[in-house]
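As a plain string of letters, each chain reads:
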Amino acid sequence: MDAIKESEAATAKNRTTVEQTSEREIVVTRTFDAPARLVFEAWTQPELFKRWWVPRSIGMSLLACEMDVRPGGKYRLAFGNDPAKPLEFFGKYLDVVPNARIVWTNDEGGEGGAVTTVTFQEMGGKTLLVVRDLYPSKEALVAGHGAEEGMPEALDQLDELLRR
Amino acid sequence: MVKHASPRLDASFAALSDVTRRGVLEQLGRADASITDLAGKFDMTLAGMMKHVGVLEQAGLVTTEKVGRVRTCKLARRRLQEETAWIDRYHQLWDSRFDALDEVVEELKRKEMTDGRNKRE
């Protein structure tokens, strides 16, 4: 029990920051109280990745999580409540430097997809994680941030609207 | 806690996901226009443009008003500005992810410590 409380206290101290650094780029940061190799492991092992990528509040489970984490390797994430109609996210890894950096494409949205760069910087046993989403244009950023979050509902609603 | 995405915001984002509809918003940002004007500018049928304007209207991004036989479209400015709140939602998404990642990382840390002890014994 104490271990859980301690981890909660650590979580409370670490802040997530989000900043739009240009009309094409969004940067998210957070510090983790652990060496970079552990944060990297949690990001690159599918069994671990599955446990944190989809926020619980969304109430959807990850149906498939295939990750070939190496330069040129592909990934595919599928989630949703209906296995017959999964929501898919896929792309390929452009660069992978163990315990330091992962770069991947987001290809589900076609040409408007962002290139995501994650860096793991270890300092005194803690790791500063920086996630950069770089979109090909400012319009793609506007379309993309909506897609990232409201995707399933948004698509359903658009379907509905277009059928009227 | 991250709240479930609001249907209105989702409709807005969905409406913004189409290149023609974004073009229509840009156009209306410059001046009000009739459906016929817009259809001409975007080289579309009247019916096709009405559908797009319908989606934008449903999402609350555009308002239309019929005067005589002409339906004029305007940008619903106030609503569009509200959408800049997206950055808060982005923050909530990542914060929620990272809280869960924190738990996973803490577990790995504990496991490593235990394994280390076992190896020494």
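Keep in mind that what you see is a predicted model, and the values were worked out from it rather than measured.

A few words now on the overall build of chain B. Across its full length, chain B holds six helices and three strands. Ordered by position in the sequence, the α and β elements of chain B form the string α-α-β-α-α-β-β-α-α. Burial status across chain B gives 32% buried among its 121 residues.

This part covers the pairing of strand β3 (residues 61-67) of chain A. All names here are of chain A. Where β3 and strand β4 (residues 74-80) come together, six bridges link them in antiparallel fashion. Paired with C65 across the bridge in β4 is L77. Between β3 and β4, which follow one another and run antiparallel, lie six residues, and G72 among them has a positive phi close to 90 degrees.

What follows covers the confidence of the model for chain A. Residues and elements named next belong to chain A. Residues at a pLDDT of 70 or more form 79% of chain A, whose mean pLDDT is 81. Helix α1 (residues 2-13) is the least confidently modelled element of chain A, averaging 47 in pLDDT, while strand β6 (residues 101-105) averages 97, the highest of any element. The low-confidence segment residues 1-12, where pLDDT is below 50, has seven contacts with residues more than four positions distant or belonging to other chains. Throughout residues 149-164 the model reports pLDDT below 50, and contacts reaching past four residues in sequence, or to other chains, amount to 28 contacts.

With that settled, the discussion passes to the sheet that holds strand β2 (residues 25-32) of chain A. Residues and elements named next belong to chain A. Judged by pairing direction, the sheet is antiparallel, and its eight strands sit side by side in the order β1-β2-β8-β7-β6-β5-β4-β3 without closing on themselves. Bordering the open sheet on either side are β1 (17-22) and β3, each of which pairs with just one other strand. Put simply, the sheet's adjacent strands are angled 20 degrees from each other on average, direction ignored. Inspection of the sheet shows strand β7 (residues 115-123) paired to strand β8 (residues 126-134) by nine bridges, in the antiparallel sense. Bridging from a neighbouring strand, Q121 pairs with L128 of β8.

It is worth spelling out the packing of helix α2 (residues 19-30) of chain B against helix α4 (residues 46-58) of chain B at this point. Residues and elements named next belong to chain B. Across the interface, α2 lies against α4 with an axial gap of 10 Å and an inter-helix angle of 75 degrees. Judged by the inter-axis angle, α2 sits roughly perpendicular to α4. Residues T20, R21, V24 and L25 of α2 pack against H52, V53, V55 and L56 of α4. Split into classes, the residues belonging to the contact of α2 with α4 amount to five nonpolar, two polar and one charged.

Moving on: the sheet that holds strand β3 (residues 70-75) of chain B. Residues and elements named next belong to chain B. In spatial order, the strands read β1-β3-β2; together these three strands make up an open sheet with antiparallel pairing. Each edge of the open sheet carries a strand with a single partner, namely β1 (33-34) and β2 (62-67). The strands touched by α2 within the sheet are β1, β2 and β3, with β3 carrying the most contacts at an inclination of about 90 degrees.

Calculation rules
Residues numbered from 1 in each chain as written. Chains lettered and ligands numbered in written order. Predicted model: local features only at pLDDT ≥ 70, side-chain atom pairs only at ≥ 80, totals over all residues. Helix = DSSP H or I, 4+ residues; strand = E, 2+ residues; numbered from the N terminus. Buried ≥ 20, exposed ≤ 12 C-beta atoms within 10 Å, placed from the backbone. Pairing = 2+ DSSP bridges. pLDDT = per-residue confidence, 0-100. Contact = placed C-beta atoms within 7 Å. Axes fitted to C-alpha atoms, helices over the stretch in contact; angles between N-to-C directions. Parallel < 35°, antiparallel > 145°, perpendicular 65-115°, else oblique. Nonpolar A, V, L, I, M, F, W, Y, C, P; charged D, E, K, R; others polar.

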